[in-house]
Amino acid sequence: MRHLGEKISGWTARAALAAAVCVLAAGTLLAPAKAASRIKDIADFEGIRENQLIGYGLVVGLNGTGDSLNNTPFTQQSLQAMLERLGVNTRNVDLNTNTVAAVMVTANLPPFSTQGTRIDVSVSALGDAESLQGGTLLVTPLVGADGEVYAIAQGSIAIGGFSAQGDAASIVRGVPTAGRIANGGLVERELDFKLASLTTLRLALRNPDLTTARRVALSINELIGMPTAEPLDPATVRIDLPQLYDGNIVDLLTDIEQLIVEPDLAARIVIDENSGIIVMGQDVKVSMVAVAQGNLTVTIAESPQVSQPNPFSGGQTAVVPRSDISVNEEGSTKLAIVPQTVTLKQLVDGLNALGIGPRDMISILQAIKAAGALQADIEVL
């Protein structure tokens, strides 16, 4: 009976902790928050991640759209090596086929994948193949960064584009030289990572920040009721397994990832000059500054005229050049005041009051930054 009582007491404590998590989450939701997020959406647990795999293989069954063996010797060598493994000797034979293509195969190995698990693979042409439509990938080993084989891939390729060609014209839609095989990979080796046996785990923030790391640690310690989490740097929070969870780190992570934390990010303006896109963070502020903006347009128009001599004058017909040059200065010719802002809306309203477009706004923001009146980092893509 004592053993059963211990189980009931443990269950009651676990239920009480779950209720405390719900109350904490409800209280956080009721509290005013700017951009509160779950910990699972802003951080990753160490060891719980995907691993990239890569392999080299052959695609067969193409309808005359494969590699030309004369221009891609690696395809010919791979084809001969494959046939030799199957007992066919083609070393002294001049192969001339365009139904085979050499490809690179890539895939992501999900965390905690077991043997026999199916994964999706991507296939991309390596030679001068025109299309992989209708092709079949032969058995291809997929290796990791350590050189070990973790999966094998095989199957029919589905592409998202097509190409058609006639005698005088051709058309291409999408990328016919790249495709995907759904569930085309088979996991053969498991990663040796025992999450349940860990006593200490590290939490990696996706956007490193000292304030966010401290808030995450404080939120976890408030949940547990003791100093369990400690921020090590702007990107890492170390978590020690408390005795309350009886050595079960999975239950601990399940409760932690549901906690609500408000991330803190540095004030930043991201500019894409190619497309004219400007993205500002909510903490961007500017001191009071005066801005004048104008566009100077110079237009040169050529309108040559023909000069025709009088009859019997002995003159020659000539072309007389005529150039019309005009200068037009548009936009504001006066200084406009952008007031000292507190919110992002006021900053945007102040810049929009100048009546300028995104292209000119990029130059104005860079000029305000150079003047020292913009309290934000500018990142140009």
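Here, the structure is the one placed above.
Along each chain, the written sequence defines residue order, and numbers are assigned to residues from 1. It should be noted that, the model being predicted, local features are given only for residues of pLDDT at least 70 and side-chain atom pairs only at 80 or more, the latter also being counted only at that level, while totals for whole chains, interfaces and linings use all residues. Side-chain numbers come from the whole structure's heavy atoms, not from hydrogens or water.

1. Side note on the packing of aromatic side chains
Two rings from Phe, Tyr or Trp (for Trp, the six-membered ring) form a pair when their centres sit within 6.5 Å of each other. Planes less than 30 degrees apart are called stacked, planes more than 60 degrees apart edge-to-face, and all others tilted. Tallied over the full model, the rule gives zero aromatic pairs. For the cation-ring pair, Arg189 lies above Tyr150, with the distance from its terminal atom to the ring centre recorded as 5.7 Å. We call a charge positioned above a ring when the Lys NZ or Arg CZ atom is no farther than 6 Å from the ring centre and deviates by at most 35 degrees from the ring normal.

2. Quick notes on the sheet that holds strand 12 (residues 200-205)
With antiparallel pairing, the four strands of this open sheet are ordered in space as 2-12-14-13. Each of the sheet's edge strands pairs with one partner strand only, and the pair in question is strand 2 (43-45) and strand 13 (229-233). Put simply, the sheet's adjacent strands are angled 25 degrees from each other on average, direction ignored. One ladder, built from four bridges, connects strand 13 with strand 14 (residues 236-240); its direction is antiparallel. From the neighbouring strand, Asp233 faces strand 14, where its bridge partner is Thr236. Across the sheet, helix 4 (residues 210-224) touches strand 12, strand 13 and strand 14, and the angle it forms with strand 13 is around 165 degrees. Here, two residues are considered to be in contact whenever any of their heavy atoms come within 4.5 Å of each other. Only the contacting stretch of a helix is used when fitting its axis, a line to C-alpha atoms as for every element, and angles between N-to-C directions run 0 to 180 degrees. Helix numbering and strand numbering both begin at the N terminus, where a helix is a DSSP run of H or I of at least 4 residues and a strand a DSSP run of E of at least 2. Where helix 5 (residues 249-256) meets the sheet, it contacts strand 2, strand 12 and strand 14, and its direction lies at approximately 135 degrees from that of strand 14. Strands are treated as partners if at least two bridges between them are detected by DSSP.

3. Comments concerning the sheet that holds strand 17 (residues 277-280)
An order of 17-16-26 is seen for the three strands of this open sheet, with the pairing classed as mixed. Each having just a single partner strand, strand 17 and strand 26 (377-380) make up the two edges of the open sheet. Sheet twist, expressed as the average angle between the axes of neighbouring strands with direction ignored, equals 15 degrees. Bridge count for strand 16 (residues 268-272) against strand 17 is four bridges, and the pairing is antiparallel. By the bridge assignment, Ile271 is partnered in strand 17 with Ile278.

4. Considering the pairing of strand 11 (residues 178-187)
Note that strand 5 (residues 118-125) and strand 11 share six bridges and pair antiparallel. The residue of strand 11 that forms the bridge with Val123 is Gly179. The pairing of strand 7 (residues 149-156) with strand 11 spans three bridges and is antiparallel. In the strand pairing of strand 11, Ala153 is matched with Gly185. Bridging between strand 8 (residues 158-159) and strand 11 involves two bridges; their strand directions are antiparallel.

5. Observations regarding the pattern of salt bridges
Salt bridges, as used here, are contacts in which a Lys or Arg side-chain nitrogen is within 4 Å of a carboxyl oxygen on Asp or Glu. Counted by the stated rule, this structure contains eight salt bridges. Here Glu46 ties to Arg202 by a salt bridge, and the two come within 3.0 Å at their closest N and O atoms. With Glu46 in the loop between strand 2 and strand 3 (51-60) and Arg202 in strand 12, the pair connects residues that are 156 residues apart, well separated along the chain. Using a 1.4 Å probe on the protein chains alone, a residue whose accessible area is under 20% of its type maximum counts as buried, one over 50% counts as exposed, and one in between counts as partly exposed. With a relative accessible area of 39%, Arg202 lands in the partly exposed category. Arg268 serves as the salt-bridge partner of Glu379, at 3.6 Å between the closest nitrogen and oxygen. Separated by 111 residues along the polypeptide, Glu379 in strand 26 and Arg268 in strand 16 bring together distant segments of the chain.

6. Focus: unusual backbone geometry
A negative phi angle characterises most non-glycine residues, just as the trans form characterises most peptide bonds. Although it is not a glycine, Phe112 sits at a positive phi angle of roughly 60 degrees. We classify Phe112 as partly exposed; its relative accessible area is 42%. A positive phi angle, near 55 degrees, is found at Asn183, a position not held by glycine. The class for Asn183 is partly exposed, based on a relative accessible area of 45%.

7. Remarks on a nonpolar patch on the surface
A surface patch of nonpolar side chains, about 240 Å² in accessible area, is lined by Tyr56, Phe74 and Leu126. Take Phe74: it is sitting in helix 3 (residues 73-85). Patch membership is restricted to residues that have no salt bridge and whose relative accessible area is over 30%. Joining uses 9 Å for like charges and 5 Å for the nonpolar side chains Val, Leu, Ile, Met, Phe, Trp and Tyr. Only the protein chains shown count as covering a residue, and every accessible area follows the Shrake-Rupley method with a 1.4 Å probe.

8. A word on helix 7 (residues 358-370)
The periodicity of an α-helix, 3.6 residues per turn, causes residues three or four places apart in sequence to face the same way. Given a helix with a known number of residues, its expected span is that number minus one, times 1.5 Å. Under the 1.5 Å per step criterion, the end-to-end length of helix 7 is 18 Å for 13 residues, consistent within 8% with the ideal 18 Å. Buried within helix 7 are the following residues: Met361, Ile362, Ile364, Leu365 and Ile368. Phi turns positive one or two residues past the end of helix 7, at Gly372, with a value near 80 degrees.

9. Some details on the nonpolar core
With 25 residues, the main nonpolar core has Ile39, Leu203, Val216 and Ile220 as its most contacted residues. Broken down by secondary-structure element, the contributors of at least two residues to this core are helix 2 (39-42), strand 2, strand 12, helix 4, strand 14 and helix 5. For this core, the element with the most residues is helix 4, which contributes six residues. If you look at the next biggest cluster of nonpolar residues, it comprises 21 residues, including Leu62, Val103, Ala129 and Leu142. Nonpolar cores were defined as sets of buried Ala, Val, Leu, Ile, Met, Phe, Trp, Tyr and Cys residues, with membership established by side-chain atoms within 4.5 Å.

The quantities given are spatial measurements derived from coordinates; they are silent on function.
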